[in-house]
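Analysis of the macromolecular model
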Amino acid sequence: MARGKTILITGVTRGLGRAMAEEFIRLGHVVLGCGRSQPEIAQLQKQFATPNDFAAVNVAAEDQVAAWAKRILSSYGAPDLLLNNAALINRNAPLWEVSARDFSEVIDVNLKGVANVIRHFVPAMVRRRNGVIVNFSSGWGRSTDAEVAPYCATKWAIEGLTQALAQELPSGMAAVPLNPGIIDTDMLRSSFGSAASGYPAPDEWAKSAVPFLLKLGPADNGKPLTAPVRGAND
Ligand SMILES: NC(=O)c1ccc[n+]([C@@H]2O[C@H](COP(=O)([O-])OP(=O)(O)OC[C@H]3O[C@@H](n4cnc5c(N)ncnc54)[C@H](OP(=O)(O)O)[C@@H]3O)[C@@H](O)[C@H]2O)c1
């Protein structure tokens, strides 16, 4: 059997991050995850034994990301797959009603948080000339809607940032922006309200998304991708 991969995931306490963590572990891979909520991190540590590793880290705080990366890289080496999944969405509102503070928070997590994780983990991957970086984008990274302008701005930025990163990586590596599709999570409930329940649950989504992520490689470098919907092709 092929060796399990080491998967680094930001935002594992809820939603897609948590569902991916559980599915990767179920398939025999090692998950190194973070999120801000300490009780959820403690619960994950209890549920999944070492070598899986969960830490309370705010990706928007560079010092926290730096300390996390130092510990993880010295214990596990560079990850095979880095999933920049953690993100926030603004409360539905026209752009002129979003406070400067709320606007900054979305930018700090969705964009600067991704750059922080890349700055501290990717050099070790580049030294090995191996590994795939997936930056979670959105349908709203390729189209727009009213009342989610700050979020759209960050996800459009993720598409550009990721394609430029793809041009910088050595051969043997890949960086891709990924639209995960539409999944019933806290984030979707924030923007869609009760209509979110009409979309797949995260664990159902992860059953097709995780095998898709495991197959990504150098041939995908720079391609804007969309996760498969279960049942669409099987
Ligand atoms: N659900 C969808 O339909 C959908 C559609 C398009 C794109 N996406 C993208 O998919 C990704 C996952 O979304 P989701 O729906 O699973 O969202 P979610 O349910 O709101 O979960 C977000 C996760 O990110 C973590 N997080 C937020 N801020 C963080 C920070 N500063 N540092 C570390 N962790 C942080 C949260 O945990 P803590 O609160 O514990 O930190 C949580 O685990 C996001 O990038 C999102 O933009 C989702």
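Before reading further, recall that the structure is shown in the block above.
Let me sum up the structure you'll find in this document. Predicted, not measured: the structure shown is a model, and the values here were computed from it. (Residues numbered from 1 in each chain as written. Predicted model: local features only at pLDDT ≥ 70, side-chain atom pairs only at ≥ 80, totals over all residues. Heavy atoms only, no water.)

As a general feature of sheets, a regular strand has side chains that alternate between the two faces. Taking burial as the measure, the six residues of strand β2 (residues 30-35) include six buried ones, the bulk of the element. Side chains of β2 alternate between two faces, with V30, L32 and C34 and V31, G33 and G35 buried alike. Pairing geometry for strand β1 (residues 6-10) and β2, over five bridges, is parallel. When the bridges of β2 are listed, T6 appears paired with V30. You can see the chain leave β1, run along helix α1 (residues 15-26) and come back into β2, and the turn it takes is right-handed. For the handedness criterion, the β-α-β arrangement of β2, helix α2 (residues 38-47) and strand β3 (residues 53-56) is classed as right-handed. (Buried < 20%, exposed > 50% of the residue type's maximum accessible area, 1.4 Å probe, protein only. Helix = DSSP H or I, 4+ residues; strand = E, 2+ residues; numbered from the N terminus. Pairing = 2+ DSSP bridges. Right-handed = clockwise from strand over helix to strand, strands pointing away.)

Glancing now at the site of the ligand. Surveying the vicinity of the ligand reveals 30 residues, the closest of which are T13, R36, S37, Y151 and T185. A distance of 2.6 Å separates an oxygen atom of the ligand from a polar side-chain atom of Y151. A total of 890 Å² of accessible area belongs to the ligand in isolation, and the protein chains cover 96% of it. Per-element tally for the shell around the ligand: the top contributor is helix α6 (residues 186-192), with three residues. (Near = heavy atom within 4 Å. Polar contact = N/O pair within 3.5 Å; in protein donor to acceptor, adjacent residues only side chain to side chain. Areas by Shrake-Rupley, 256 points an atom, 1.4 Å probe, with all protein chains shown as cover.)

Our focus in this paragraph is the environment of F54. Relative to the helices and strands, F54 resides in strand β3. Under the relative-accessibility criterion, F54 is labelled buried at 2%. Along the backbone, F54 and G15 are 39 residues apart, and their C-alpha atoms lie at a distance of 16 Å. Beyond its immediate sequence surroundings of up to four residues, F54 is in contact with V12, I25, V31, G33, I41, L44, Q45 and F48. (Contact = heavy atoms within 4.5 Å.)

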